[in-house]
Amino acid sequence: MKTLIKGGTIVNADAMFRADVLVDGEEIALIGVDLDVPADKVIDATGKWIIPGGIDGHTHMELPFGGTFAKDTFETGTRAAAFGGTTTIIDFAVQPMGGTFHQGLDIWHEKADGKACIDYGFHMIVSDMRDELLPEMDRLVEEGVTDFKLFTAYPGVFYSDDARIFKALRQTTRNGGLILMHAENGPVIDVVAADLVAQGTTDPIGHGLARYPVFEGEATNRVIRLAKAAGAPVYFVHLSATDALDEVRQAHHEGLPVFAETCPQYLFLGLDDLGNGFEGSKFVCSPPLRDWKAGHQAELWKGLISDDLQLVGTDHCPFDFHGQKELGRGDFRKIPNGLPGVEERVDLVHDGGVVSGKITPSRWVELVSTAPARIFGLPKKGSVSVGLDADIVVYDPNRKHVLSAKTHHMDVDYSCYEGREVQGGSDVVISRGKVVVENGQWLGSAGHGKFLRREPRGFAEATRSKLAKPAPAAVG
Ligand SMILES: [Zn+2]
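Please read all numbers here as calculations on a predicted model, not as lab measurements.

**Overview of the coordination of the zinc ion**
So, point 1. Bound to the zinc ion are the protein donor atoms His58 (NE2), His60 (NE2) and Asp315 (OD), situated 2.0 to 2.2 Å from the metal.
So, point 2. Along the chain, the residues that donate to the zinc ion are spaced as H-x1-H-x254-D. Of this pair, His60 sits in the loop between strand E8 (54-59) and strand E9 (64-65) while Asp315 sits in the loop between strand E17 (311-312) and helix H11 (345-355), placing them 255 residues apart in sequence. An identical accessibility class is assigned to His60 and Asp315; each is buried.

**Brief notes about the packing of helix H7 (residues 213-230) against helix H8 (residues 242-253)**
So, point 1. For the pair H7 and H8, interaxial distance at closest approach is 7 Å and the crossing angle is 25 degrees. Classed by the angle they form, the pair H7 and H8 counts as roughly parallel. For the pair formed by H7 and H8, the contact residues are Pro213, Val214, Glu216, Gly217, Thr220, Asn221, Ile224 and Arg225 on the first element and Asp243, Ala244, Glu247, Val248, Gln250 and Ala251 on the second.
So, point 2. Partitioning the contact of H7 with H8 into residue classes produces 6 nonpolar, 4 polar and 4 charged.

**A word on the packing of aromatic side chains**
What characterises a pair of aromatic rings is the spacing of the ring centres plus the angle enclosed by the ring planes.
So, point 1. Inspection of every chain in the model, using the stated rule, returns 18 aromatic pairs.
So, point 2. Arranged with centres 5.9 Å apart and planes meeting at 90 degrees, the rings of Phe268 and Trp301 form a pair that is edge-to-face. Linking Phe268 in helix H9 (residues 264-268) with Trp301 in helix H10 (residues 296-306), this pair joins segments that are 33 residues apart in sequence. A single burial state applies to Phe268 and to Trp301, both of which are buried.
So, point 3. Here Trp364 and Tyr395 contribute two aromatic rings whose centre-to-centre distance is 4.9 Å and whose plane-to-plane angle is 55 degrees, an arrangement assigned as tilted. With Trp364 in helix H12 (residues 361-375) and Tyr395 in strand E18 (residues 392-402), this pair connects stretches of sequence that are 31 residues apart.
So, point 4. A residue is classified by how much of its surface remains accessible, and Trp364, at 0% relative accessible area, is buried.
So, point 5. Among the aromatic side chains, those forming a connected cluster through ring pairs are Phe65, Phe151, Tyr154 and Phe158.
So, point 6. One cation-aromatic arrangement involves Lys111 over Trp108; the distance from NZ or CZ to the ring centre is 4.3 Å.
So, point 7. The positively charged end of Lys358 is found above the aromatic ring belonging to Trp301, 4.9 Å away from the centroid.

**Observations regarding the pattern of salt bridges**
So, point 1. Scanning the entire structure with this criterion turns up 38 salt bridges.
So, point 2. For Arg164, the salt bridge is made with Asp128, and the minimal N-O distance between the two is 3.4 Å. Here Asp128 lies in the loop between strand E12 (119-125) and helix H3 (134-142) and Arg164 lies in helix H4 (residues 162-175), a separation of 36 residues in the sequence.
So, point 3. Through salt bridges with shared partners, a single network forms among Glu26, Glu27, Asp119, Lys380, Lys381, Asp389, Asp391, Arg432 and Lys450.

**A few points about the pairing of strand E5 (residues 27-32)**
The side chains of a regular strand alternate between the sheet's two faces.
So, point 1. Relative to E5, strand E4 (residues 20-24) runs antiparallel, the two being bridged by 5 bridges. Paired with Leu22 across the bridge in E5 is Leu30.
So, point 2. Counting the residues between successive antiparallel strands, the hairpin from E4 to E5 contains 2 residues, one of them, Gly25, with a positive phi of roughly 65 degrees.

**A closer look at the sheet that holds E5**
So, point 1. Strand order across the open sheet formed by 4 strands is E5-E4-E1-E6, with mixed pairing between neighbours. Since the sheet does not close on itself, it has two edges, and those belong to E5 and strand E6 (41-44), each with one partner. Strand-to-strand twist in this sheet, taken as the mean axis angle between neighbours without regard to direction, amounts to 20 degrees.

**Remarks on the pairing of E18**
So, point 1. In the sheet, strand E7 (residues 49-52) pairs with E18 via 4 bridges, with the strands oriented antiparallel. Paired with Pro52 across the bridge in E18 is Ile392.
So, point 2. By the bridge criterion, 8 bridges tie E18 to strand E19 (residues 421-431) in an arrangement that is antiparallel. Bridge pairing in E19 links Ile392 to Ile430.

**Comments concerning the environment of Val11**
So, point 1. Tracing the chain through its elements places Val11 in strand E2 (residues 9-11).
So, point 2. Beyond its immediate sequence surroundings of up to four residues, Val11 is in contact with Met16, Trp49, Ile50, Ile51, Pro52, Pro361, Ser362 and Val365.

**Considering H4**
So, point 1. Its 14 residues give H4 an end-to-end C-alpha distance of 20 Å, which sits within 8% of 20 Å, the value for a rise of 1.5 Å per residue.
So, point 2. Buried within H4 we find Ile165, Ala168, Leu169, Gln171, Thr172 and Asn175. Seen end-on, H4 carries its buried residues on one side only, within an arc spanning 160 degrees.
So, point 3. As for H4, its buried residues are in contact with H3, strand E13 (147-151), strand E14 (178-182), H7 and strand E15 (234-236).
So, point 4. Capping the start of H4, Asp161 holds a side-chain oxygen 3.2 Å from the backbone nitrogen of Ala163, two or three residues further along.
So, point 5. Note on H4: the residue one or two positions beyond its end, Gly176, has a positive phi of about 80 degrees.

**Some thoughts on the environment of Glu184**
So, point 1. With respect to the secondary-structure elements, Glu184 resides in the loop between E14 and helix H5 (186-198).
So, point 2. For Glu184, a relative accessible area of 0% corresponds to the buried category.
So, point 3. Along the backbone, Glu184 and Ile5 are 179 residues apart, and their C-alpha atoms lie at a distance of 46 Å.
So, point 4. When neighbours within four sequence positions are excluded, Glu184 is seen to be in contact with Thr152, Ala153, Ile189, Arg211, Phe215, Glu216, Ala219, Ser286, Pro287, Pro288 and Arg290.

**Things to note about H5**
So, point 1. Here H5 spans 18 Å end to end across 13 residues, near enough to the 18 Å set by a 1.5 Å rise per residue.
So, point 2. Taken residue by residue, H5 has Gly186, Ile189, Val192, Ala193, Leu196 and Val197 as its buried positions. Looking straight down H5, one finds that the buried residues subtend no more than 140 degrees of arc, so they occupy a single side. Projecting away from the buried face of H5 at angles above 90 degrees are the exposed residues Val191 and Ala198.
So, point 3. Its buried side turned inward, H5 meets helix H6 (205-210) and H7.
So, point 4. Between the side-chain oxygen of the N-cap and the backbone nitrogen of Val188 there are 3.3 Å, and the N-cap of H5 in question is Asn185.
So, point 5. Just past H5, the residue Gly200 takes up positive phi, approximately 100 degrees.

Cut-offs used in this document
- Residues numbered from 1 in each chain as written.
- Predicted model: local features only at pLDDT ≥ 70, side-chain atom pairs only at ≥ 80, totals over all residues.
- Heavy atoms only, no water.
- Donors = N, O, S within 2.8 Å, 3.2 Å for Na, K, Ca; no water.
- Helix = DSSP H or I, 4+ residues; strand = E, 2+ residues; numbered from the N terminus.
- Buried < 20%, exposed > 50% of the residue type's maximum accessible area, 1.4 Å probe, protein only.
- Axes fitted to C-alpha atoms, helices over the stretch in contact; angles between N-to-C directions.
- Parallel < 35°, antiparallel > 145°, perpendicular 65-115°, else oblique.
- Contact = heavy atoms within 4.5 Å.
- Nonpolar A, V, L, I, M, F, W, Y, C, P; charged D, E, K, R; others polar.
- Phe/Tyr/Trp six-rings, centres within 6.5 Å; stacked < 30°, edge-to-face > 60°.
- Lys NZ or Arg CZ within 6 Å of the ring centre and 35° of its normal.
- Salt bridge = Lys/Arg side-chain N within 4 Å of Asp/Glu carboxyl O.
- Pairing = 2+ DSSP bridges.
- Expected span 1.5 Å × (residues − 1).
- Arc of directions from axis to C-beta.
- Polar contact = N/O pair within 3.5 Å; in protein donor to acceptor, adjacent residues only side chain to side chain.

Written out as structure tokens, the structure reads:
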């Protein structure tokens, strides 16, 4: 099967140029001006952009949390992702408390195998970093599950103390893995949250008020220092606050190998969304949405421009308002944490970044596709280049559409961006050579998506442009 995409402009992270693209089977076979070659299917991309499919490095399909499960399955979640121009996700498998990493991984393979509509990889959430599991980390890296998420938040659930974090960081200097951190000071947040509830603040706004930005900044700095001591790189998921960004900037001034992502909700939403009574539960995620007046959102955009923030993931973790978010009526601490977003990321960052003039089209592609491919070890993804997987989106940078739960494909009963008009949309989406979305029609199938064994972080370091330098020597 050969598909020829004609008349468009290729937008890669490093260049933007007019060219046609020939897809042969699952790969990009040929790129050139006015290609005149036989093909089974021709797609007219006149006036459109040809971009590498989005890579969302942060999703939680069917995540158990707070007595319920994130609603999207691998089938519904990856289908929604594809409609939004994303052709790869990396989802978080969860180690069961007291169990091994592989027990968690087996469960996630079962959830995804035969159901995913686009390609997928896994990160491993570490619930319980026991010493005897350190060698198992090495085996996971060899099996292509190359990073591990630890938490300074959620005491009693996912929380790891400093010693456990340090040991995990040190292990990655031996096995080439990468530690991903949820950095908020959970034990202290719990003190403030309990005070708020005791004083009668039980609505969702309490979630935002309890989790001070400084608690994220403190935990970010602490982990950066632990990583420096271990001689390990570290990656911060869902960075939301100026306090944390300043610590990452300082680390970059020092030449430390520190990566950080932010998410659309921290760029486009704010603390005031958590108001409005229990409606605010739709916006409960951790870290929380931050106060516009304090300037967090503007600083995060600056971070994306300066490359102190390297990419945008979603932390897609959808819970219905009815029946799931409602578990937290009367106590914001019981609201399941998470928002839907896997479908909206590419368009939101285009609209808020490119259309508004903050970033170039190439930087947008880097943030939503190329940087995650590099950092998370996916050498066949993240660029429209010969020999790479034909994960391609024909993108209309001018088409305007309105985000709404009535029209989105995520299996969740609300949209965080209900009624927001965005400019830019995916017209044709190709996953490893197969057209899965064309002009709003679903042509994909469950089971088309393959598990991706990822490369260890040496790959990420070798391909880093701006901050590339070897990790500092271990101390002691
Ligand atoms: Zn997450």
